[in-house]
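Letter by letter, the chains look like this.
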Amino acid sequence: MKIRALILAVLIGAAGANGARAEPPSLKDRIIAAGTSAIPDRKTGVRLNGCEINTFVHVLDETHGWILYSNFTFNLQLVELRRLGDSYTLKLGDDTIVRFLPTPPYAAELEVPVYRYPRRTGRPSEREAGVDYKIIQSYSFFVRLKGPEAAGKAAEFAEALLAYKNENCLLIG
């Protein structure tokens, strides 16, 4: 009886393993994977909540450790990816960028440490991190990826983001 149960369990396991197919990653998973990177002094990431996109960068600060360097929040329905030549990406040395243009009068929100833009006006951020932050309006912005995989990840980020927008975030007029 025990042998019969063992054989049955093995057969069911084998059938499940042979019949199971890996699902391709979702567009959301592709966007997050492409927008996430880490090099010794810089980490990037992406969050998606419906059509609201949040891209962020943390840098290693000598005084405070890892701090938020930039935090863009924008509605994908109200921005366009900007073509840069024949592509949506632009390689600048070891960096690659994907540029966005909000549809006027919409502006994306950029949360940054005050020291980065001391003269630009903005509202105070509620972030408590040992560094003062403010939120400013941005009418043009980009996502910058760094490191040896930056060009491929930026191309994947742009491609998946365009497909995600077309499937989930088109404004119906």
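Scanning the chain from N- to C-terminus turns up three helices and 11 strands. Burial statistics for the chain: of 173 residues in total, 35% are counted as buried. A separation of at least 24 residues holds for 55% of the contacts in the chain among residues at least 6 apart in sequence.

The final tally for this structure, using the stated rule, is four aromatic pairs. Consider the rings of Phe74 and Phe100, whose centres lie 5.2 Å apart with planes at 45°: the pair is tilted. In this pair, Phe74 is assigned in strand 4 (residues 65-75) and Phe100 in strand 7 (residues 95-102), connecting sequence segments 26 residues apart. As far as burial versus exposure is concerned, Phe74 and Phe100 are alike and both buried. Ring centres 5.1 Å apart and planes at 10° place the aromatic pair Phe100 and Phe141 in the stacked group. Taken as a pair, Phe100 in strand 7 and Phe141 in strand 11 (residues 141-146) lie far apart in primary sequence, 41 residues in all.

This next bit is on the state of the cysteines. A complete count under the given rule lists one disulfide for this structure. Across a sulfur-sulfur distance of 2.1 Å, Cys51 and Cys169 are joined as a disulfide pair. The sign of the -105° torsion about the S-S bond sets the Cys51-Cys169 disulfide as left-handed. With Cys51 in the loop between strand 2 (42-49) and strand 3 (52-61) and Cys169 in the segment after helix 3 (150-168), this pair connects stretches of sequence that are 118 residues apart. As far as burial versus exposure is concerned, Cys51 and Cys169 are alike and both buried.

Here we take up the pattern of salt bridges. Applying the stated criterion to the full structure yields seven salt bridges. Between Glu109 and Arg123 there is a salt bridge, with its nearest N and O atoms 3.1 Å apart. Residue Glu109 is located in strand 8 (residues 108-113), and its partner Arg123 is located in strand 9 (residues 123-124); the two are separated by 14 residues in the primary sequence. Relative accessible area serves as the criterion here: at 41%, Arg123 is assigned to the partly exposed category. Glu111 is the salt-bridge partner of Arg127, the closest N and O atoms lying 3.0 Å from each other. Residue Arg127 is found in the loop between strand 9 and strand 10 (133-138), and its partner Glu111 is found in strand 8; the two are separated by 16 residues along the sequence. You can call Arg127 partly exposed: its relative accessible area is 36%. A single salt-bridge network, built from bridges that share partners, covers Arg30, Glu156 and Glu159.

Omega for the peptide link from Pro104 to Pro105 comes to 5°, which places this bond in the cis form. Among the secondary structure elements, Pro105 is positioned in the loop between strand 7 and strand 8.

Pairing is antiparallel across the open sheet formed by seven strands, whose spatial order is 1-2-3-4-8-10-9. The open sheet has two edge strands, strand 1 (37-39) and strand 9, and neither has a second partner. Set on the sheet, helix 2 (residues 27-35) makes contact with strand 1 and strand 2; between it and strand 2 the angle comes to about 160°.

Reading the values: rules and limits
- Residues numbered from 1 in each chain as written.
- Predicted model: local features only at pLDDT ≥ 70, side-chain atom pairs only at ≥ 80, totals over all residues.
- Heavy atoms only, no water.
- Helix = DSSP H or I, 4+ residues; strand = E, 2+ residues; numbered from the N terminus.
- Buried < 20%, exposed > 50% of the residue type's maximum accessible area, 1.4 Å probe, protein only.
- Contact = heavy atoms within 4.5 Å.
- Phe/Tyr/Trp six-rings, centres within 6.5 Å; stacked < 30°, edge-to-face > 60°.
- Disulfide = S-S within 2.5 Å.
- Salt bridge = Lys/Arg side-chain N within 4 Å of Asp/Glu carboxyl O.
- Pairing = 2+ DSSP bridges.
- Axes fitted to C-alpha atoms, helices over the stretch in contact; angles between N-to-C directions.

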